[in-house]
Amino acid sequence: MPDKRENKWEHFAHKADMGIRGMGPTKAAAFEQAALAMTAIITDLQKIELENEVQISCDGKDDEILFIDWLSKVIYEMDNRNMLFGRFEVEIDHDQLTARAWGEDIVPEKHEPAVEVKAATYSELRVYKDKNGNWVAQCVVDV
Amino acid sequence: MNIKTLKKISDYQWQINATAKMRVPAIIFADEALMKDMDEKVREQASNVASLPGIVNACYVMPDAHWGYGFPIGGVAAFDPDKGGIISAGGVGFDIACGVRLLTTGLTVDDVEPKKAEIAEKLAHKIPAGVGSRGKLKLSMSQIDDVLTGGAKWAVENGYGSERDLKHTEEQGQVTGAKPKCVSDHAKKRQLEQVGTLGSGNHYLELQQVTEIFDEKIANAYGLKENQIVISIHCGSRGLGHQIGTDYLKKMVTAAPSHGLELSDRELACAPLNSSLGQKYLGAMRCGINCALANRQVLTHLLREVFSDLFPKAELLLLYDVSHNTCKEETHIVNGKSKKLFVHRKGATRSFGPGYEKLPAEFKDVGQPVLIGGTMGTSSYVLAGTKESVSIAFGSSCHGAGRAMSRRQATKQWNGRDIVYSLANKGILIRSPSYRGIAEEAPGAYKDVCAVVDAADRAKLSAKVAKLVPLVCVKG
């Protein structure tokens, strides 16, 4: 039996904006994948070199608020540092999240960023375990 | 949208009756064709807005409406603080005071046609656009506080424009009641190098030609003539506004139970106007408005520098600056009485008609300019506010074409390079840091702006004045 619990991400359609979905064997893995899905809206993930590491932490009183806070912190770090991240490692302890993100400074000619993500929204927001035991974390982001 | 379930009030007004939790009805302004193409999600979202505490009269929906988050894009809702009315971070949106300003140039098509490519290059070089672009201003944390309280007035005081510009900006360029202490350091830090940047997505700076005048009298008052060149700037409050929205949405979602608010959609997160959190958001959101006004003013200065090199005799006069993601304190007549209300416009433009006291003198007889941005390949419009709009929709109109398909669908259907090439063949020069961004913003991904504007005109939300077509577009 192949292991159906795998890390992956995808986009789903929203009329004006974009839906992102991360999936993995753990909640933390699903959060990592969702952050990659969000970055893939901006640029091709393959173009991001993992040169520098940034520490990120956040909190939320339930899984959904924690997920939005996580994506919001990633957006903040991208915008404030002018960076793109191509890899994330997330740890979740109850309502606290700590993470490491690896990436590099934005170079417009290299990354050809299509659009900036303004914010993670509570629209279509869900964090749950599916029937295969996979964690799924999704929402619409405003671009 | 299935229109059979709606009550048709007129050819341009459709009502969702107040049922279940709705406190008031929702009224959609559109013609039958636009109604049929409108998302079902608009009905759901407008009904949710109509269920919020303290909402007055109805939730109004503009002809360009589409599925948003929380509020529909194109949603208008006014709340009465004396009746438990709320203020909603989701009802303003993340790009606080995103808006459009339009400048007249006094130049004609014949003047600019030979220099079009040069204009495109110089604008693309001068205007910071796209993800990660930084402005020429590097501000300190205390200077950013001055921007947040001063708005476009701060920009003018620092040499980026004239007193006349302020008279031709909503709120005279500066909204009062902005409280920088209600804005997080994270939000301020994001803005230190972003004042005077265009951003990305659907934001642009566009050189346009006036191709048609619909109302000579109003066009004269606005200084618009056929074949004249005008310039539009569409952008908002940048990282600062996005962070204010993010910060307060979380606070409002978390605090909702303590305010006795049951949210059918967390994106509707709100707080009573008469609460500490409601007042803090109001103070922060007004900082976002001032930030957007300052941003468009600094961009205007950069634009004028480019034009003073290329056309030393041209005078770029600001026609008007309107914001379409806001919550404004306004006085309206409700049941025959004058009431102070907080009007949310999410993807909707204010459309005050003749006689409104705060309008510049030259607009008093004709109403305020309502600036509608189209797509890079079609057209934009100037409309005028109407007296009727104030009585049917708290003085509001549409804001743009409105998307007809998702960004994902658009990138599957079009290629950015092909769009640039085919538009160049039509005489429209596009400059952008990203071809994918262009594909996502393909003209075909939007509704027909002409149909939207015609519906707004016939519904009397605003009156058509002039049609503008693009010649050069710098996309973010």
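As the structure is a prediction and not an experimental result, all values here were calculated from the model. (Residues numbered from 1 in each chain as written. Chains lettered and ligands numbered in written order. Predicted model: local features only at pLDDT ≥ 70, side-chain atom pairs only at ≥ 80, totals over all residues. Heavy atoms only, no water.)

A. A look at the pattern of salt bridges. With the rule as written, the count across this model stands at 49 salt bridges over all chains. When salt bridges with common partners are traced through the structure, they connect B:Glu170, B:Glu171, B:Lys328, B:Glu330, B:Arg345 and B:Arg350 into a single cluster. (Salt bridge = Lys/Arg side-chain N within 4 Å of Asp/Glu carboxyl O.)

B. Quick look at the interface of chain B and chain A. The interface of chain B with chain A comprises 44 residues on the first partner and 40 residues on the second. Of the roughly 3,900 Å² buried between chain B and chain A, counting both surfaces, carbon and sulfur atoms make up 52%. When the area that chain B buries against chain A is broken down by residue, the three leading residues are B:Trp67, B:Val131 and B:Arg266, summing to 18%. Viewed at the interface, chain A and chain B are joined by eight salt bridges. For the salt bridge of B:Arg266 with A:Asp62, the shortest nitrogen-to-oxygen distance reads 2.6 Å. Counting across the chain B and chain A interface gives 16 residue pairs in polar contact (both at pLDDT 80 or more). Among the elements of the structure, β4 (59-69), α9 (185-191), α11 (238-255), α14 (407-413) and α16 (435-440) of chain B are those that each provide at least two residues to the side of chain B that touches chain A. Take the side of chain B that touches chain A: its biggest share by element is nine residues, from α11(B). Considered class by class, the residues forming the side of chain B that touches chain A number 11 nonpolar, 17 polar and 16 charged. (Contact = heavy atoms within 4.5 Å. Buried area = accessible area lost by both parts, 1.4 Å probe. Polar contact = N/O pair within 3.5 Å; in protein donor to acceptor, adjacent residues only side chain to side chain. Helix = DSSP H or I, 4+ residues; strand = E, 2+ residues; numbered from the N terminus. Nonpolar A, V, L, I, M, F, W, Y, C, P; charged D, E, K, R; others polar.)

C. Main features of the side chain of B:His324. Residues and elements named next belong to chain B. Inspection of the secondary structure assignment puts His 324 in the loop between β11 (317-323) and β12 (325-334). Exposure remark for His 324: the relative accessible area of 3% places this residue in the buried category. A polar contact of 3.4 Å, which involves the side chain of His 324, links it to the side chain of His 234. Setting aside anything within four residues of it in sequence, one finds His 324 in contact with Cys 98, Gly 99, Val 100, His 234, Arg 345, Lys 346, Gly 347, Ala 348, Thr 349 and His 399. (Buried < 20%, exposed > 50% of the residue type's maximum accessible area, 1.4 Å probe, protein only.)

D. Spatial organisation of the pairing of strand β8 (residues 204-213) of chain B. All names here are of chain B. In terms of burial, β8 is largely enclosed, as eight of its 10 residues are buried. Pairing of β8 with strand β9 (residues 228-235) involves six bridges; the strand directions are antiparallel. Each bridged residue has a counterpart across the sheet, and for Gln 209 the counterpart in β9 is Ile 229. By the bridge criterion, nine bridges tie β8 to strand β19 (residues 462-475) in an arrangement that is antiparallel. Bridge pairing in β19 links Val 210 to Leu 468. (Pairing = 2+ DSSP bridges.)

E. Quick look at the nonpolar core. Residues and elements named next belong to chain A. By size, the foremost hydrophobic cluster in this structure holds 149 residues, and its most contacted members are Phe 67, Trp 70 and Val 141. If one sorts the elements of this core by residue count, helix α1 (residues 27-42) sits on top with 11 residues. If we skip the residues at most four places from it in the chain, Val 141 touches Asp 17, Met 18, Ile 20, Met 38, Ile 41, Val 117, Ala 119, Ala 120 and Thr 121. (Core = buried A, V, L, I, M, F, W, Y, C linked by side-chain atoms within 4.5 Å.)

F. Expanded view of the environment of B:Lys188. All names here are of chain B. Tracing the sequence through the fold places Lys 188 in helix α9. C-alpha separation for the pair Lys 188 and Tyr 281, spaced 93 residues apart in sequence, amounts to 15 Å. Those residues within four positions of Lys 188 in sequence are excluded, and the remaining contacts are Met 141, Ile 144, Asp 145, Leu 148, Pro 180, Val 183 and Leu 240.

The quantities given are spatial measurements derived from coordinates; they are silent on function.
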